Amino acid sequence: VESWKGIPQGYVVDEFLNPSQLSQLLQNAILNIHPARYEAFGMTIVEAASCGVPTVFNCSGIGAAQILSPDQGAAIAVDMDDITTVAKAVTELLENHGVLTHMSHRAYHAATSWTEDAHVGKLRAFIDHRLSLFTSPSSELFDCIPSCDS
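Rules of the game
- Along each chain, numbering runs from 1 in the same order as the chain's sequence is written.
- It should be noted that, the model being predicted, local features are given only for residues of pLDDT at least 70 and side-chain atom pairs only at 80 or more, the latter also being counted only at that level, while totals for whole chains, interfaces and linings use all residues.
- Computation of side-chain values covers all heavy atoms of the structure but excludes hydrogens and water.
- Nonpolar cores were defined as sets of buried Ala, Val, Leu, Ile, Met, Phe, Trp, Tyr and Cys residues, with membership established by side-chain atoms within 4.5 Å.
- Exposure categories follow from relative accessible area, calculated using a 1.4 Å probe and restricted to protein chains: below 20% of the type maximum is buried, above 50% is exposed, and the middle band is partly exposed.
- Each helix is a run of DSSP H or I of at least 4 residues and each strand a run of E of at least 2, with the numbering of both proceeding from the N terminus.
- Whether two residues touch is decided by their heavy atoms; if any such pair falls within 4.5 Å, the residues are in contact.
- Expected helix span is taken as 1.5 Å per residue step, with the number of steps being one fewer than the number of residues.
- When we speak of the arc, we mean the arc of directions from the helix axis to the C-beta atoms.
- Residues with no salt bridge and a relative accessible area higher than 30% make up the patches, which join like charges within 9 Å and nonpolar side chains (Val, Leu, Ile, Met, Phe, Trp, Tyr) within 5 Å.
- Accessibility throughout is a Shrake-Rupley quantity obtained with a 1.4 Å probe, and a residue counts as covered only by protein chains that appear here.
- Whenever Lys or Arg places a side-chain nitrogen within 4 Å of a carboxyl oxygen from Asp or Glu, that contact is recorded as a salt bridge.

(A) Broad picture of the nonpolar core. If you look at the biggest cluster of nonpolar residues, it comprises 13 residues, and the most contacted ones within it are Ile45 and Leu68. Contributions of two or more residues to this core are made by helix 2 (43–49) and helix 4 (97–113). Among residues more than four places away in sequence, those in contact with Leu68 are Ile45, Val46, Ala49, Phe57, Ala74, Ala75, Ala107, Ala110 and Ala111. Listed in part, the 10 residues of the second largest apolar core include Val78, Met80, Val90 and Leu93.

Below, the structure is given as structure tokens:
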């Protein structure tokens, strides 16, 4: 894609890249556009973020959004079926260097602060909470069930 109004050249990658190729590509990138409408996780989104490259991805069905939340400024979520909205979001982001820089920092921080131990801790807390619902008859789990006393 040729430059347009000062917007840098783009690349479409539709093949597997080895780690060296991916690293080189991401070191020179300023924005990743992930056009999939569904991704159970989306490893390339996190790989880009770990190099300080934010991503524009679909507004639903992208697992990596749990780590790189658009609500926290680490990515942009758009309806990938609406090409006008995608083009507008990408253009606005590329034309606003301050916002792009801020998003790059947020994406990098979100991707590099994730650790297995922290994730396991959150998962364990969630499971412990759910299990506690089964051991406490006054919990919200049983709020909708009439008691035997009534």
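(B) Region of the structure containing the side chain of Ser104. Relative to the helices and strands, Ser104 is located in helix 4. The contact partners of Ser104, leaving out residues within four places of it in the chain, are Gly52 and Pro54.

(C) Quick look at helix 4. Taking 1.5 Å per residue, 17 residues should reach 24 Å; helix 4 reaches 24 Å between its end C-alpha atoms and fits that length. Those residues of helix 4 not exposed but buried are Leu100, Met103, Ser104, Ala107, Ala110 and Ala111. Burial along helix 4 is one-sided: seen end-on, the buried residues are contained in an arc of 140°. Those residues of helix 4 that are exposed and aimed more than 90 degrees away from the buried face are His105 and His109. Looking at the buried residues of helix 4, the elements they touch are helix 2, strand 3 (76–78) and helix 3 (83–95).

(D) Examining a nonpolar patch on the surface more closely. The grouping of Leu123, Phe126, Ile127, Leu131 and Phe134 at the surface amounts to a nonpolar patch, some 520 Å² of accessible area in total. A relative accessible area of 44% places Leu123 in the partly exposed class.

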